[in-house]
Amino acid sequence: MKLMIASDIHGSAKYCRMLTEAFEKENPDKLLILGDILYHGPRNDLPEEYAPKKVIELLNPLKEKLLCVRGNCDTEVDQMVLDFPVLAEYCILWLDNRTIFATHGHKFNEQTLPPLCKGDILLNGHTHIPAYRETNGIIYINPGSVSIPKENSKHQYMILENNKFTWKELNGSILREETV
């Protein structure tokens, strides 16, 4: 299975369009969005080409390919306009004998770990900073942000395929690879 992972679109039609173009090129089985889809939030500046209604138009046709978790900027009213579920706090995936706990990151994160075993993976967005590190035997992975990257990171997403996480710019250029 090939999984595309993205986070923190924050209503940017420009970067969502670039993400959906990358989705078409990558041709993954599913796209996992780790929250903060439509709204930019009070702590962030407006992302480039802020147009939540256009983001809705770009993502709704992909509804059968999407898995989503709720971000701190996602609300129940968003569910009224999106044709795919977005209100789950987390998603559990399995990678061979490891659990992947996919969440946004505002509730469960490196400081507040969910119940995981040594070697399991905590996958979240929220910080807008790409990461891969081990904390107390748990592997922490962050894809960064599609629209509002922080700490000099790029507008990016991740691919999980054959036990390898690959961070890519929206143009498809590889930034980093880690095998688990």
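Conventions we followed
- Residues numbered from 1 in each chain as written.
- Predicted model: local features only at pLDDT ≥ 70, side-chain atom pairs only at ≥ 80, totals over all residues.
- Heavy atoms only, no water.
- Buried < 20%, exposed > 50% of the residue type's maximum accessible area, 1.4 Å probe, protein only.
- Helix = DSSP H or I, 4+ residues; strand = E, 2+ residues; numbered from the N terminus.
- Pairing = 2+ DSSP bridges.
- Right-handed = clockwise from strand over helix to strand, strands pointing away.
- Axes fitted to C-alpha atoms, helices over the stretch in contact; angles between N-to-C directions.
- Contact = heavy atoms within 4.5 Å.

**Student:** So what's going on with the pairing of strand 1 (residues 3–6)? Residues and values would help.
**Tutor:** Working note: regular strand, side chains alternate between the two faces of the sheet. Of the two faces of strand 1, the one holding Leu3 and Ile5 and the one holding Met4 and Ala6 are both buried throughout. Pairing between strand 1 and strand 2 (residues 30–33): four bridges, direction parallel. Note that in strand 2 the partner of Ala6 across the bridge is Ile33. Once the chain exits strand 1 it traverses helix 1 (residues 13–26) before rejoining the sheet at strand 2, and the crossover so formed is right-handed.

**Student:** How would you sum up the sheet that holds strand 6 (residues 121–124)? Please name residues and give values.
**Tutor:** Spatial strand order, 4-5-6-8-7: five strands in an open sheet with mixed pairing. The open sheet terminates on both sides in strands that have one partner only, identified here as strand 4 (90–95) and strand 7 (131–135). Strand-to-strand twist in this sheet, taken as the mean axis angle between neighbours without regard to direction, amounts to 20°. With four bridges connecting them, strand 5 (residues 98–103) and strand 6 associate as parallel partners. Across the sheet, residue Thr103 finds its bridge partner in strand 6, namely Asn124.

**Student:** Before we move on, could you go through the sheet that holds strand 10 (residues 164–169) and cite the residues and values that matter?
**Tutor:** Strand order in the open sheet formed by six strands is 3-2-1-9-10-11, with mixed pairing between adjacent strands. Looking at the sheet topology across the chains shown, the edges are occupied by strand 3 (66–68) and strand 11 (174–179). Neighbour to neighbour, the strand axes of the sheet diverge by 20° on average, direction disregarded. Of the strand pairs in this sheet, strand 9 (residues 156–161) and strand 10 are connected by six bridges, and their pairing is antiparallel. Directly across from Glu161, in strand 10, lies its bridge partner Lys164. Against the sheet, helix 1 engages strand 1, strand 2, strand 9 and strand 10, with an angle of about 165° to strand 1.

Nothing here speaks to function; it is geometry throughout.
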